[in-house]
Amino acid sequence: MLLGPSLALSAILFSLGVAGVLLRRNAIVLFMCIELMLNAVNLSFVALAQLHGASGYVMVFFVMTVAAAEAAVGLAIIIGIFRHKQSVDLGNINLLRG
Amino acid sequence: MTEVVFYIFAAIAVLSATLCILQRSPMASALWLISTMFSLAAIYVLLNAQFIAAIQVLVYAGAIMVLFLFVIMLLNLGHAESDFRGPSTVAATLVIVGLLAIELLALTRYTPRRLANELSQWPTFTDPATVFVAGQVTQQESASRGVVGALAAPLFQTYLIPFEITSVLLLAAIVGAVVLAKRNV
Amino acid sequence: MTSLVWLTVALPLAGFLANGALAIRRPAAKDAVSYIGVGVLIAAFIVSVGVFIDLLKSPPHSPHIITLWRWLPVGPLQLDLAFQVDQLSAVMLLVVTGVGSLIHLFSVGYMKSDPGYARYFAYLNLFVVFMLVLVLGSSFPVMFIGWEGVGLCSYLLIGFWFNDKANADAGKKAFIVNRIGDFGFMVAMFLIWHHLGTLTFTGMTDRAPAVFASGSAAVTAITLFLFLGCTGKSAQIPLYTWLPDAMAGPTPVSALIHAATMVTAGVYLVARTNVLFALAPVSSTVVAGIGALTALFAATIALRQYDIKKVLAYSTISQLGYMFIGVGTGAYASGVFHLVTHAFFKALLFLGAGSVIHAMHHAYHATHSHADAQDMRNMGGLKQYMPATFWLMLIGTLAIAGVPPFSGFFSKDEILAGAFARGGDLLIYYVFYAMGILAALLTAFYMARLLTMTFLGENRTGEQERHHLHEAPPVMTGPLIVLGVLSAIGGMINLPPLVGGGAWLEHWLEPVTARAHQFFALEMPHGQTEYFLVGGAVAISLLGLFAGYRATLARKIVPASESAEDTGVARVLNRKYYVDEVYDAIIVRPLVWLSRTVLWRVVDQGVVDGAAVNGTAKLSRGLGWLGSRLQTGQVGVYVVLFLVGALWILHAMVR
């Protein structure tokens, strides 16, 4: 069984995703790094499904569905912001500053 | 043999992911991410979850990433300037990610045997043999009917309501995306 | 009829409500107010007479308690609002309602042209309500309701013409000084509850002898605190300063409240709690001592007062001192006797002065003069203009001076005889006796001075004013006549065996004072000593009267506006020994300073406003500002913070 290595891979991919989120200012690249994180978690679920049953696969199923919905809406928002500011650089978007 | 293949694809995945987060152009990042997803699909196959691999390629790589690419091209971001954050953020990132990786890797110590042993020492004693019953059932099912078969029963019985709600969620996402992206509401 | 005694309280209360409503809605309805105001009092008097006759027919050995309702059921304290009808309260009931009715009737004439007529009668009725609650109360708290209530009404009535700041100040002074005494009363109540476990008078009489050893510190403390309350309410040293200022109120108010009834509440209290005072000889001596000192002190001040009401005010303080000598000596019946006779002749004197002031006001009003209508230097020779008033005031003067056969002679004499008798036990009582005799001399002197300056000699009011001086209307002279008769024959209620009397009041009050007399018996002087004492007292009174008359006639008196200032001893007396100024410097000023500088500036503005209220607000704002620094609007920062938190939780769970 490849449980240990799978989980380790999942951990590494997740950390890379987090690093990407912290390092990049471009909104779209940020989103992609989030997708990367979700993929890492999916891998984790699949690996553990061997131990804990089909509910692991079910979770993967749902995660993918929700990721799709989230990507759609998130990108629509980014398009909206782009129309306003002509850029997707997150460093300039601070209207919620208090 | 399986392990060797696994490590190859794992290496490809890590490499692709690293390049994904370090590329300057968003287009290139997207493509490297697709590469990561494909290698993950391969790993799914190695983990005996063929169906999952299939829908990974179809949904993630085939639909979601395509959507990303469409948006990148729509916004004409192909040639972007450098958009990395400053050195202070890089330092913070290294620290945080380092800690995170250490924490997560620490979890991988739990091999099944060790987990079972620790569970048996808890007050509500759990027989090690019964902890991973569900997993064995699933493996038997997958052997006979494939992952689809193993997935079908729980999905349409135990998790039926979340399934239905997910369909509503998708509907909401569609409507939301259309409304948000319109020029004049 | 005894069970209907609550009517005596309910009727004036109804009068207060009716008159109060009229005062607010229809202040001009003077006739209605007169009928209601006087009517309820007369009705209350009739009920009182009924109660008294009931008691006469079958004198009770222990008081009748008429319970109205359960008032304070709090654990071990089960207090009812109840009235106690026994011999002592019946006497007080008659005095309050009887003299009260007469004064109400007098007020109809005196206050006729005052715009606050309805309000006046409302307050006066309310006063009677509280005074009756005071004398009828069957327990300390119920009595305290009355005690506080009469203080309130006193304030309202002294400051009746409150548009003049001086009157309002006098009202405040009365209330505040009284309050100091009330503090003593309350502490005594707490101590009594603590030691005896009961607050009713019957309970106290039953348990006190068992609980307290004679002369113990506990009972001495209780009685001294009670007496502090008495000094406040009955204007003894050191809390008497409010009474002369209280003359700012209308004269009938001075007659009712500050002569006949409210100020006697202290004497009533001592008589009611006679068991406690009998168990504490030290306190009784203190009571008698302060009484004697006050009697003499006030009498000296009265010698040099020019305002007719002020003379009578100090006279009241002095006579109250006599009453306290009486109850301090242990002769509770003689203290009460003097209370009754004093009510008669002091009310007579005050109402007579009221008639005089009424006439003087009329005269000055007609000529638009601003001279003081109450200053005796502006009077003189009024006998020809107001003969009836003169003769009646003469009766009052003879009564207060203690000339036989008028009432004051019997009561005062009995008190002095009692003091002399006690001298056999404790030598200091001889000193009290001497002070009492000296005060009697001065009393006769200043009363004769008052009478002479006001009614005799030549008139100093002024040429034009003279024509407007006239006798008071019958509604005012009527009550004066009744009071005159009572002052003359009032001594009959307690004629001593010396003149063949049966000492009726003393025997009547025996069931009430019996307990106290278990602890000591007062051996009244008889035989040779008694004749000597009586003779001496009469001689002193006549001497004082004569000296006062001659001295005043001999002096050349000019109207007040032209008079020269007094100098030397006379000045000190006229300025009341500067006691008010001393109190002001020692007590009032430091308190005001404390309040203004410390409590206001430092505590209120600095600590409460500054630190607590504003400080908390500033702290909140500071914390908020600090929090707002987190809201940069930058996603990157948010993500970092989010991850730090998530990392921490992860770490906590992994362990």
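Figured I'd write up the structure that's included with this text. (Residues numbered from 1 in each chain as written. Chains lettered and ligands numbered in written order. Predicted model: local features only at pLDDT ≥ 70, side-chain atom pairs only at ≥ 80, totals over all residues.)

This brings us to the overall build of chain A. The helix and strand inventory of chain A stands at 3 helices and 0 strands. The helix and strand sequence of chain A, counted from the amino end, reads α-α-α. The globule rule puts the C-alpha radius of gyration for 98 residues at 13 Å, and the 17 Å found for chain A is more than 25% above it. C-alpha atoms of chain A, sized along the principal axes, occupy 50 × 25 × 25 Å. (Helix = DSSP H or I, 4+ residues; strand = E, 2+ residues; numbered from the N terminus. Rg over C-alpha atoms; globule rule 2.2 N^0.38 Å.)

This brings us to the overall build of chain C. Of the regular secondary structure elements, chain C holds 26 helices and 2 strands. Once the C-alpha set of chain C is aligned to its principal axes, its extents read approximately 110 × 65 × 50 Å. In chain C, which comprises 655 residues, the proportion classed as buried is 51%. Once local pairs closer than 6 in sequence are excluded, the contacts in chain C between residues at least 24 apart make up 80%. (Buried ≥ 20, exposed ≤ 12 C-beta atoms within 10 Å, placed from the backbone. Contact = placed C-beta atoms within 7 Å.)

Before going further, it helps to examine helix H2 (residues 26-46) of chain B. Helix length check: H2 of chain B, at 21 residues, gives a terminal C-alpha distance of 31 Å against a target of 30 Å (1.5 Å per residue), a fit within 8%. Two residues or fewer after H2 of chain B comes Asn48 of chain B, characterised by a positive phi angle close to 70°. (Expected span 1.5 Å × (residues − 1).)

We now examine the interface of chain B and chain A. On the chain A side, the residues contacting the 71 residues of chain B number 62 residues. Residue assignment for the side of chain B that touches chain A shows that the elements contributing at least two residues are helix H1 (2-22), H2, helix H3 (50-74), helix H4 (87-107), helix H7 (133-156) and helix H8 (160-181) of chain B. Its residues assigned to classes, the side of chain B that touches chain A comprises 56 nonpolar, 12 polar and 3 charged. (Nonpolar A, V, L, I, M, F, W, Y, C, P; charged D, E, K, R; others polar.)

Turning our eyes to something else, we now look at the nonpolar core. For soluble globular proteins, nonpolar side chains are generally found buried alongside one another. In terms of nonpolar packing, the biggest core is built from 210 residues, with Phe127, Met131, Leu132, Leu134, Val336 and Ala347 of chain C touching the most fellow members. No other element matches the 20 residues that helix H15 (residues 332-367) of chain C contributes to this core. Non-local contacts of Leu134 of chain C, meaning those with residues more than four positions away in its chain, are made with Met143, Gly146, Trp147, Val150 and Ala265 of chain C. Judged by nonpolar contacts, the second largest core, of 77 residues, contains Cys33, Met64 and Ile78 of chain A together with Ile43 of chain B. (Core = buried A, V, L, I, M, F, W, Y, C linked by C-beta atoms within 7 Å.)

Our focus in this paragraph is the interface of chain A and chain C. The figure often quoted for interface size is the accessible area lost as the parts come together. Opposite the 9 residues of chain A that make contact, chain C presents 10 residues. Across the side of chain A that touches chain C, the residue classes tally to 6 nonpolar, 2 polar and 1 charged.

All names here are of chain C. Their axes nearest at 9 Å, the elements helix H14 (residues 308-329) and H15 cross at an angle of 175°. It follows from the interaxial angle that H14 and H15 lie roughly antiparallel. Listed contacts from H15 to Ile308, Lys309, Leu312, Thr316, Gln319, Tyr322, Met323, Gly326 and Val327 of H14 are Tyr332, Ser334, Gly335, His338, Leu339, His342, Lys346, Leu349, Phe350, Ala353 and Val356. Tallied by class, the residues present in the contact of H14 with H15 amount to 11 nonpolar, 7 polar and 2 charged. (Axes fitted to C-alpha atoms, helices over the stretch in contact; angles between N-to-C directions. Parallel < 35°, antiparallel > 145°, perpendicular 65-115°, else oblique.)

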